[in-house]
Every structure is written in C-alpha cells, then in structure tokens.
Amino acid sequence: MVDLRLLRQFVAVAEELHFHRAAARLHMSQPPLTAAIRKLEDEIGSELIQRGNRTLGLTAAGAVLLAEARLLLQQADHALVATRDAAAGRTGTVRLGYVGSALYGRLPGVIRSFRQGSPDVRLELIEATSARQIQMLREQRIDVGVVIPPVFEADDMRLQAFDSDRLAIALPRAHPLAEQAHPTVAMLADEPFVLWPAREGRGFHSQVVRLCAAAGFTPRVVQEAHGMHAVLSLVAVEAGISVVPSSMAGFRSAEVAYHPLAGGEATFELQLCLRADEASPAALNFARHGAGGRPGNADRWSAPRARITPSPGAFHPGAHHQADQCGKDHP
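In this text, all values refer to a predicted model and were calculated from it rather than measured experimentally. (Residues numbered from 1 in each chain as written. Predicted model: local features only at pLDDT ≥ 70, side-chain atom pairs only at ≥ 80, totals over all residues. Heavy atoms only, no water.)

## Observations concerning the packing of aromatic side chains
Point 1. Scanning all chains against the criterion turns up four aromatic pairs.
Point 2. A ring pair is formed by Phe 204 and Phe 268, whose centres lie 5.0 Å apart and whose planes are at 85 degrees; its orientation type is edge-to-face. Linking Phe 204 in helix H7 (residues 202-214) with Phe 268 in strand S11 (residues 267-275), this pair joins segments that are 64 residues apart in sequence. Comparing Phe 204 with Phe 268, the two get one shared label, buried.
Point 3. Taken together, the aromatic side chains of Trp 196, Phe 204 and Phe 268 make up a single cluster linked through ring pairs. (Phe/Tyr/Trp six-rings, centres within 6.5 Å; stacked < 30°, edge-to-face > 60°. Helix = DSSP H or I, 4+ residues; strand = E, 2+ residues; numbered from the N terminus. Buried < 20%, exposed > 50% of the residue type's maximum accessible area, 1.4 Å probe, protein only.)

Structure below.
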C-alpha cells in the first residue's frame, strides 16, 4: 500500500516538473523530496520521472500514476471532510417523531431554523402518539421525539422541556355554547364527548378527565378517534364536543369554535425525548437546537461515553405512556 504522503509529493513534482519548486510548494528541502520519489519508484518498480540535467517530464507510468493519484487524493480529502462533518453533526439523518399538536406550536419554526443552519442533514418527520414514540425510540426507529409527559418507565430516555400549550373547549359552530364568551367545563356536563382512547395519550386523557371531575361530572364519551385531527373533524360534523390543545385553534376554524380554558390546571407541556445512550451527532444537534429556544434550558445534550445520567435540573425523566401503546396523530 502506497503512503498517501508519497503520492502527494509525487503529484507536486509531476505538476511542477521541477524538484526545487515542488519542494518549496511542499515546504520541505529538495534532498528528502528526491529520496521520496526514488522510494516511490522502487515500490512501484518503474521510473516515473524522466531525468536529465533538469526534470524533463513524466514517463508513461508516471502520467498514469498522476491521473490516478489525483483521484485517490481527492477521494481521501473528501473522506476526511465527510467524516468530520458527520462527527460534528453537519450531515446525516434525523428521524423526528412528534405528537400532532406539536405542529401548531414551536416545532415548525424549530425545523425551519435547523434546516437553515444544517442544510445537509436530512429530516424525516413521523407523526405518532407519545407512547408510540417511546416504543419507536427503543426500537431505534426514530432518533428524537416530541412527546407529552408524563412518561412512565422512561429510565432509558432523556427528556427536556420543549413547548407549552393550554387546553381549549372545542364546539361545533352551531352549538348553543359556541357564541358564549367564556364557556366553562361545568357547562359541558350533559354534552356528548368525542375523545381519543386513553391508551393513545394517557397523560393528556387523564388531564381532561380530571378537569371534568373537578367540575363535578364524568365525561360521556360517545365517540373515540385516534388523534386530534380526527377528533376535531368529528366535532366539526357535530358528532359531539371535545377538549383539545388550544394551539390547534386554526384547524377547521370555520366549523369549530375554540375557547381556551383559564388556570394552571389547563396547561400542559411538550418535551423533547431521546434515548439515554443516543450518540448520533446530528440527532444531538437537533435536540440542542430545539431545547435552546426554551428559557432556562441548558445546552447539555451531549454524546454519551457510556450511559448518560441526566444532570440535575437539565433533564426531567418522568412518567408517561406505556411503550406498547400505538397509534398516530397524537394530541
């Protein structure tokens, strides 16, 4: 195997056709360069440079080697650049899972700015429930998730605050309460509810049920739908009413009236989620980028050496949906 350094020295001599100029170009003295070309010729078993009182040109073998050496050195340089880019997260692929309502908050802006800053990183977007995302992370089918906590049995995950939202009452435009200035949850006691199965979003589902319980009733669910877009589409056709993320107020707004609920009990968080042992530089860069826009978020998403232990106050492993839940288009 020929040393790449010898090939670089040969290319300099072949292009300059002058040992002294080639040595100056390589920032070395002429005698070691002459010896290096002799060594290369010995290794190949053929004369490469036509010599006389001065360098006259290349032999037939030298001309072939020059063309091949240029290609080989170019590929070697490319390999180094590509490797460094991959190690720095400037290239690669990030498979991003997200709950449906995330598209109505910070996520589109985060994706846009990340693509502007990392144009050579391919982003693959996969909408899924929080529980499904946890399962997909464990199966290494996605690299980063945007989930709604709490996350159960997530010791193998890292979570960090990403966005916040608030619940809103969603009513068909023709509903008597739609024109009320501030309808309350208590006013929904006798209404038919359209919700999603608890297994699809346990934390979010429980929050809605708790709000109803605090108002003195259990919601009468007449229809279940897998995902917020499906839930709101059923509300739009007057199949019932629902409680949904207020960030989705632009969805079918001509047919659905949205009334955000006041109070801290009506707020909820979205979190970025990665495997604790995630080592992809591109995925970690995306997580840093996404977490960086949240006040108080420290930039502590770094590649693990073995298994990462969350630093106090930086990551918030908590409880969430069971990993065997599935579905798509999450609230």
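Here the narrative resumes.
## Concerning the confidence of the model for the protein chain
As a note on interpretation, predicted positions should not be read in detail where pLDDT is low.
Point 1. Scored by pLDDT, the protein chain comes out at a mean of 85, with 87% of its residues at no less than 70.
Point 2. Between residues 295-299, whose pLDDT stays under 50, and residues either more than four places distant or in other chains, the model counts five contacts.
Point 3. Taken as a whole, residues 301-330 scores under 50 in pLDDT and shows 115 contacts with residues more than four places along the chain or in a different chain. (pLDDT = per-residue confidence, 0-100. Contact = heavy atoms within 4.5 Å.)

## Digging into the packing of helix H1 (residues 4-16) against helix H3 (residues 30-44)
Point 1. Where H1 meets H3, the closest approach of the two axes is 10 Å, and the angle between their N-to-C directions is 110 degrees. Relative to H3, H1 is oriented roughly perpendicular. Pair H1 / H3 crosses with left-handed handedness. On the side of H1, the interface is formed by Leu 6, Gln 9, Phe 10 and Val 13, while H3 contributes Leu 33, Ala 36, Ile 37, Lys 39, Leu 40 and Glu 43.
Point 2. Looking at the contact of H1 with H3 residue by residue, the class counts come to seven nonpolar, one polar and two charged. (Axes fitted to C-alpha atoms, helices over the stretch in contact; angles between N-to-C directions. Parallel < 35°, antiparallel > 145°, perpendicular 65-115°, else oblique. Left-handed = near helix turned anticlockwise from the far one by under 90°. Nonpolar A, V, L, I, M, F, W, Y, C, P; charged D, E, K, R; others polar.)

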